[in-house]
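Structural characterization, general
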Amino acid sequence: LSSQGKFDEARQMLLETLEVFEETGNRSRIFDCYNELGVISGMSKNHASAKEYYLKAYAVAQSLGMRVDMGIADVNLGISYKNLGDYPAAIAAYDEAAEIFSAVGMKYGLVVASCNRVSLLERQNLNQEAYQMGLDTLKLALEMDAKPIVADTLVNMAKLAWKAGLTQFAIEQAAFVA
């Protein structure tokens, strides 16, 4: 439903499902519901609501010791914080996600967290830090053949090159993505 833009219907179904899982005590499914409610809220541009759902998802994952799910909630929280303009909180969430994914050996989660952090650094005009982290993220994404992350990172690198006046380099990065 959410992919069809029917956010209210999807939200209502998830809230009803959440109620069932709360009654039965299925905590891992409660995490899933909160996380998906956050996704739907973010898609409908209600970032404050998304943040609240992701905080609840994180709390459930933490209470169950589900480290990967904590990392997933952290990445999603970072996106919500970024959209709310709270950049320090976004960076903290991305950094915690990266630490978690690194500790559990989940490279894909690590590059997702890093790619999001690069985008945020670029948005803040912290170009030198963004460029270095972008190179590291790109290297790992290429090693993993994580094409969506490679593309996103190259877009960020092209933006950074454009800002630095490296017009031809920026065009080449954009062409590589295309």
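Okay, so let's go over this structure. (Residues numbered from 1 in each chain as written. Predicted model: local features only at pLDDT ≥ 70, side-chain atom pairs only at ≥ 80, totals over all residues. Heavy atoms only, no water.)

Remarks on helix 4 (residues 67-84)
Our working rule: Under the DSSP-based scheme used, a helix requires at least four consecutive residues in state H or I and a strand at least two consecutive residues in state E, with every element numbered from the N terminus. Between the first and last residue of a helix there are one fewer steps than residues, each counted as 1.5 Å, and that sum is the expected span. Summary of the burial criterion: residues with accessible area below 20% of their type's maximum are buried, those above 50% are exposed, and those between are partly exposed, where the area comes from a 1.4 Å probe applied to protein chains only. We call two residues contacting when some pair of their heavy atoms lies within 4.5 Å.
Compared with the 26 Å implied by 1.5 Å per residue over 18 residues, the 25 Å span of helix 4 between its first and last C-alpha is a close match. Listed as buried for helix 4 are Asp-69, Met-70, Gly-71, Ala-73, Asp-74, Val-75, Asn-76, Leu-77, Gly-78, Ser-80, Tyr-81 and Lys-82. Against helix 2 (27-43), helix 3 (47-64), helix 5 (87-104) and helix 6 (107-123) lie the buried residues of helix 4. One or two steps after helix 4, the chain reaches Gly-85, where phi turns positive at roughly 85°.

Examining the pattern of salt bridges
Cut-off, in case you're wondering: Throughout this description, the term salt bridge denotes a Lys or Arg side-chain nitrogen within 4 Å of a carboxyl oxygen of Asp or Glu.
Taken as a whole and judged by the stated rule, the model has six salt bridges. The partner of Arg-117 in a salt bridge is Asp-95, and the shortest N-O contact between them spans 2.6 Å. With Arg-117 in helix 6 and Asp-95 in helix 5, this pair connects stretches of sequence that are 22 residues apart. Classification of Arg-117 as buried rests on a relative accessible area of 11%. Here the salt bridges do not stand alone but share partners, grouping Asp-95, Arg-117 and Glu-129 into one network.

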